[in-house]
Structures are given as structure tokens and as C-alpha cells.
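Remarks on the overall topology
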Amino acid sequence: MMPRLILLIACVLVPTFAIAGEAAPNKTIIAHRGASGYLPEHTLEAYSYAYALGADYIEPDLVLTKDKVFICLHDIHLEATTNVEEVFPDRHREDGKWYAADFTLEEIKRLSAHERVEGRFPKTGPRMEVPTFEEFLQLIRGLNASTGRTAGIYPELKQPAWHRAAGLPMETAFLEILARYGYTGPHARIFIQCFEAECLKRMRLELKSDLPQIQVMGSGDDAAAMLSEEGLKRIAEYAQGVGPAKAAIEKDPAAVARAHAAGLLVHVYTFRVDDVPASYTSFEDEVRTFLDVYGADGVWTDYPDRALRCVGRPAKP
Ligand code: G3P
Ligand code: CA
């Protein structure tokens with residue numbers, strides 16, 4: 001746990017926050033890779049469950065196949081969350097990894113997605129596919145129509161510079177798909193996220209997208225520079241918010257107030273019931289500390305139902 005003194009200073013520096021433990025109903029709860037605490041990440045099943053649990057936004061991470069189709073996958077490699085090693089035993093590169101960019105969509109669709117994390121959904125569960133981004137968009141559109149809710153989407157472009165170097169530029173094709181599904185303009189219920197500033201700048205400044213964007217970042221020196229007053233001013237030129245790793249805010253709680261002063265939202269990742277740091281007494285303690293003490297505007301979580309309860313908005317039966 002951070003020293004109590006620093007925590008107290010954080011409370012003083014960020015005066016708009018309530019004390020830890022109070023409900024914060026206006027916070028944004030983002031289903032990280034779907035409801036990935038309960039079902040294998042980045043499957044239509046995990047996205048559907050996240051929707052049913054009431055998540056405000058649902059996150060697909062995106063990579064491209066060899067035939068330039070966006071698929072929902074966290075890694076540029078396939079082996080951590082699919083049975084690619086069994087289905088295509090010889091199709092790895094010299095580094096021993098199976099790259100999604102080496103497979104066509106038809107080949108990807110022959111794979112089964114499985115759980116990444118030990119102790120969650122059994123790895124030998126029922127067959128689930130790797131979805132395309134369009135299937136994800138159709139799912140959310142369908143659920144929004146059938147429920148009358150309007151859940152948002154929070155897609156992340158994974159390693160766009162790597163994809164570009166591989167002859168698979170992402171940005172233009174991505175914005176075209178979004179436009180086809182009605183995601184246009186600054187009020188669309190979407191946040192586009194990327195760790196690479198160049199990608200976000202390209203979409204905003206070259207491709208003239210006015211969709212909401214979030215600059216995600218880790219917790220090292222790069223993130224500290226991005227969270228400086230100057231860094232945040234630069235981000236505000238092409239994004240609506242920042243998405244730091246938890247540790248970046250723990251090291252520098254005043255970054256939240258600086259981001260707000262720059263007109264930026266702060267969404268923090270990633271909160272997990274089965275991976276609560278020893279410095280917190282519970283998942284709820286950790287979530288409330290970030291939302292109510294540090295003043296973050298939202299959290300990515302594998303357990304959206306538990307986070308929604310923290311902010312006084314449990315999923316309705
Ligand atoms: O995108 C921000 C959040 O999702 C954390 O990153 O590695 O889980 O995609 P990652
Ligand atoms: Ca992500």
C-alpha cells in the first residue's frame with residue numbers, strides 16, 4: 001500500500017473526490033476484453049456477458065489477419081489464447097510464435113479460443129471462435145437494438161506501427177468500418193484507444209477523425225513524461241483522455257488533477273478480482289481508491305459487475 005501520508009496528500013490535491021468507500025455513480029466501467037474474468041477474453045460470449053452485466057463500454061483489442069481482416073485478439077500472436085499449435089503445428093516463425101498476420105481469416109476461424117488465465121474458465125471448455133471486429137460490432141448493435149440500451153465500444157488498435165511495417169496499415173480501414181456501423185462524430189458512443197501516439201495523431205490530424213480517442217500508456221518513464229503538464233497538453237491536441245496503468249497513478253496521484261486541468265478524462269487499467277495487489281484489502285477497496293480517492297473517471301476491469309457495484313450501479317436482473 002502506498003504510504004498513508006502520500007494518500008492523504010493525494011486527497012488534498014484532488015479536492016473534488018469523495019472519501020474511499022463512497023459510491024461514485026458517474027464513473028465509466030469498461031469491460032476489459034469482455035467480461036474476461038468469467039469467459040475466455042475476446043470471444044462473443046465474453047462480450048455478450050459483459051453487456052448483460054451492464055458494462056458501460058466493452059473493449060475489443062484488434063489485430064489484422066494476412067487478408068487484412070480485423071479480428072479481436074489481444075496479442076499479435078495466437079498461441080496464448082487459441083489452439084493454433086494443435087491445428088497448425090508448423091506455421092510458427094523462427095521465434096517460435098504463431099503470428100495472426102500469417103493466417104487468413106478462414107484459417108483463424110478453424111481455431112478455438114480458450115482461457116488465458118489459470119483458475120478461470122476451464123481451458124477445455126466449449127468451442128468458441130476468434131471473432132472479427134465486424135462480428136463484434138454486429139453483436140453490440142444487435143444488443144443495443146434488442147435491449148434499448150446503448151452500450152459503448154472501446155476498441156484498441158494493437159501495434160499499428162508493427163502492422164504498418166508488415167504491409168498491414170490499420171487506421172484508414174478501421175475508421176471506414178466504424179463509419180459503416182454508425183460511429184462518426186465526437187459524440188459517438190466510442191473511445192478509440194492506442195498505446196502508440198502516432199496512430200492516434202494520424203487518425204485525428206491526417207484522417208480528420210473526430211471520434212473520441214484515449215492515449216493509453218504503461219507506468220514507466222514514457223508514461224511519466226506523458227502525464228507531465230507538457231505531455232498532457234500535447235495529448236489534449238489529439239485525444240479526449242488518458243488510460244494509464246494503475247501503477248502510473250499510484251506513483252503520481254496528482255496526475256489525475258493535471259489531466260483534468262488539461263481537459264482530459266482518466267481511465268485506469270486493469271482491475272481483477274483474482275489479482276488484487278497486497279496493498280489493498282479487496283477488489284472493491286482498490287477500485288474505490290482509484291475512483292473516489294485518486295479521482296479517476298473510469299476503470300477497465302475483467303469483472304464489470306463487481307466494479308458497477310462499487311459505484312452503486314449493480315446490473316439489473
Ligand atoms: O488497453 C488498455 C488496457 O486494455 C490494458 O491493456 O494490454 O490489456 O490491452 P491490455
Ligand atoms: Ca486493451
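Here the residue numbering is sequential within each chain, running from 1 through the sequence in written order. Labels are handed out in written order, letters beginning with A for the chains and numbers beginning with 1 for the ligands. The predicted origin of the model limits local features to residues at a pLDDT of at least 70 and limits the giving and counting of side-chain atom pairs to 80 or more, whereas totals for whole chains, interfaces and linings rest on all residues. For side-chain calculations, the full set of non-hydrogen atoms in the structure is used, while hydrogens and water are omitted.

1. Some remarks on the coordination of the calcium ion (ligand 2)
Ideal values for angles at a metal depend on the geometry: 109.5 degrees with four tetrahedral donors, 90 or 180 degrees with six octahedral donors. The line we're drawing: A donor here means any N, O or S atom no more than 2.8 Å from the metal (3.2 Å for Na, K and Ca); water is not included, so a site may seem to lack partners. Each label reflects the angles at the metal, where four donors whose angles all fall between 85 and 135 degrees are tetrahedral, four or six donors whose opposite pairs open beyond 155 degrees and whose other angles stay between 65 and 115 are square planar or octahedral respectively, and the rest are irregular. Helix numbering and strand numbering both begin at the N terminus, where a helix is a DSSP run of H or I of at least 4 residues and a strand a DSSP run of E of at least 2. Classification of residues uses two cut-offs on accessible area relative to the type maximum, computed with a 1.4 Å probe and protein chains only: under 20% is buried, over 50% is exposed, and between them is partly exposed.
Distances from the calcium ion (ligand 2) to its protein donors, Glu59 (OE), Asp61 (OD) and Glu156 (OE), fall at 2.1 to 2.4 Å. Taken together, the six donor atoms coordinating the calcium ion (ligand 2) span angles of 56 to 158° at the metal, a pattern that classifies the geometry as irregular. Taken in chain order, the donor set of the calcium ion (ligand 2) reads E-x1-D-x94-E. With a gap of 97 residues between them, glutamate 59 in the loop between strand S2 (57-58) and strand S3 (61-64) and glutamate 156 in strand S6 (residues 156-157) connect regions that are remote in the sequence. The two residues glutamate 59 and glutamate 156 agree in class, both being buried.

2. Here we look at helix H13 (residues 283-293)
The buried fraction of H13 is high, at nine of 11 residues. Listed as buried for H13 are Phe283, Glu284, Glu286, Val287, Thr289, Phe290, Leu291, Asp292 and Val293. Positive backbone phi, at 90°, marks glycine 295, one or two positions downstream of H13.

3. What to know about the site of ligand 1
So the rule is basically this: Consider each residue's heavy atoms; a residue with any of them within 4 Å of a molecule or strand counts as near. Polar contacts, as used here, are pairs of N or O atoms within 3.5 Å; protein pairs need one atom able to donate a hydrogen and one able to accept it. Residues neighboring in sequence count only if both atoms are side-chain atoms. Where accessible areas are quoted, they stem from the Shrake-Rupley method and a 1.4 Å probe; at the residue level, only the protein chains shown are allowed to cover.
His32, Arg33, Glu59, His74 and Gln193 are the nearest of the 13 residues found near ligand 1. Glutamate 59 is positioned with one of its side-chain polar atoms (N or O) 2.7 Å from an oxygen atom of ligand 1. Separating an oxygen atom of ligand 1 from a side-chain N or O atom of glutamine 193 is a distance of 2.5 Å. Considering ligand 1 on its own, with 280 Å² of exposed area, one finds that the protein chains cover 91% of that surface.

4. Thoughts on the packing of helix H5 (residues 133-147) against helix H7 (residues 171-180)
Put simply, the test is: Angles run from 0 to 180 degrees between N-to-C directions of axes, and those axes are lines fitted to C-alpha atoms, restricted for helices to the stretch in contact. By the definition adopted for this analysis, an angle is roughly parallel if under 35 degrees, roughly antiparallel if over 145, roughly perpendicular if from 65 to 115, and oblique otherwise. Left-handed describes a crossing whose near helix is turned anticlockwise from the far helix by less than a right angle; the clockwise case is right-handed. When checking whether two residues touch, look at their non-hydrogen atoms; a contact exists if any pair is within 4.5 Å. Under the scheme applied here, ten amino acids are nonpolar (Ala, Val, Leu, Ile, Met, Phe, Trp, Tyr, Cys and Pro), four are charged (Asp, Glu, Lys and Arg), and all others, including Gly, are polar.
Where H5 meets H7, the closest approach of the two axes is 11 Å, and the angle between their N-to-C directions is 25°. As the angle between them shows, H5 and H7 are arranged roughly parallel. Crossing hand, H5 versus H7: right-handed. On the side of H5, the interface is formed by Phe133, Glu134 and Leu137, while H7 contributes Phe174, Ile177, Leu178 and Arg180. The residue makeup of the contact of H5 with H7, split by class, is five nonpolar, no polar and two charged.

5. Considering the packing of helix H2 (residues 44-53) against H5
Two numbers describe how H2 lies on H5: the axes approach to 11 Å, and their chain directions differ by 30°. Between H2 and H5, the crossing angle belongs to the class labelled roughly parallel. At the point where H2 passes H5, the crossing takes the right-handed sense. Counting all contacts with H2, which are made through Leu44, Tyr47, Ser48 and Tyr51, the residues of H5 involved are Glu135, Phe136, Leu139, Ile140, Leu143, Asn144 and Thr147.

6. Some remarks on the packing of aromatic side chains
Note the threshold: Only the six-membered ring of Trp is used, alongside the rings of Phe and Tyr, when aromatic pairs are assigned; centres must lie within 6.5 Å, and planes under 30 degrees apart are stacked while those over 60 apart are edge-to-face, with the rest tilted. For a lysine, the NZ atom is tested; for an arginine, the CZ atom; a charge sits over a ring if that atom is within 6 Å of the ring centre and within 35 degrees of the ring normal.
According to the stated counting rule, one finds 19 aromatic pairs in the structure shown. Ring geometry for phenylalanine 195 versus tyrosine 269: centroids 6.1 Å apart, planes at 85°, classification edge-to-face. One end of the pair, phenylalanine 195, is in the loop between strand S7 (192-194) and helix H8 (197-206); the other, tyrosine 269, is in strand S10 (residues 265-271), with 74 residues separating them in the sequence. Put simply, the rings of Tyr57, Tyr154, Phe191, Phe195, Tyr269 and Trp300 pair up and form one aromatic cluster. Cation over ring: arginine 91 sits above phenylalanine 88, and NZ or CZ is 5.3 Å from the ring centre. Geometry around phenylalanine 103 places arginine 91 over its ring, the cationic atom sitting 4.3 Å from the centre.

7. A closer look at the pairing of S3
Convention followed: Following DSSP output, two strands are said to pair if at least two bridges run between them.
Burial along S3 is two-sided: Asp61 and Val63 facing one way and Leu62 and Leu64 facing the other are all buried. Alignment of S3 against S6, held across two bridges, turns out to be parallel. Across the sheet, aspartate 61 pairs through a bridge with glutamate 156, a residue of S6. Summarising the sheet, S3 and strand S4 (residues 70-72) pair through three bridges and their orientation is antiparallel. For valine 63, the partnering residue across the bridge sits in S4 and is isoleucine 71. Connecting S3 to the next strand, S4, in antiparallel fashion are five residues, including lysine 68 with a positive phi near 65°.

8. A closer look at the pattern of salt bridges
Let me state the cut-off plainly: Whenever a carboxyl oxygen of Asp or Glu lies within 4 Å of a side-chain nitrogen of Lys or Arg, that contact is scored as a salt bridge.
Under the criterion given, the structure shown has 24 salt bridges. Note that glutamate 135 and lysine 109 form a salt bridge whose closest N and O atoms lie 2.8 Å from each other. Taken together, the positions of glutamate 135 in helix H5 and lysine 109 in the loop between helix H4 (105-108) and H5 put the pair 26 residues apart, joining distant regions of the chain. Taking relative accessible area as the criterion, glutamate 135 reaches 25% and is therefore assigned partly exposed. When its relative accessible area of 18% is taken as the criterion, lysine 109 is described as buried. For aspartate 302, the salt bridge goes to arginine 120, with nearest N and O atoms at 2.9 Å. With aspartate 302 in the loop between strand S11 (298-301) and helix H14 (304-310) and arginine 120 in the loop between H4 and H5, the pair connects residues that are 182 residues apart, well separated along the chain. For aspartate 302, a relative accessible area of 2% corresponds to the buried category. Exposure remark for arginine 120: the relative accessible area of 13% places this residue in the buried category. Each of the salt bridges in this network shares a partner with another, and the network as a whole consists of Arg33, Glu41, Asp75 and Arg116.

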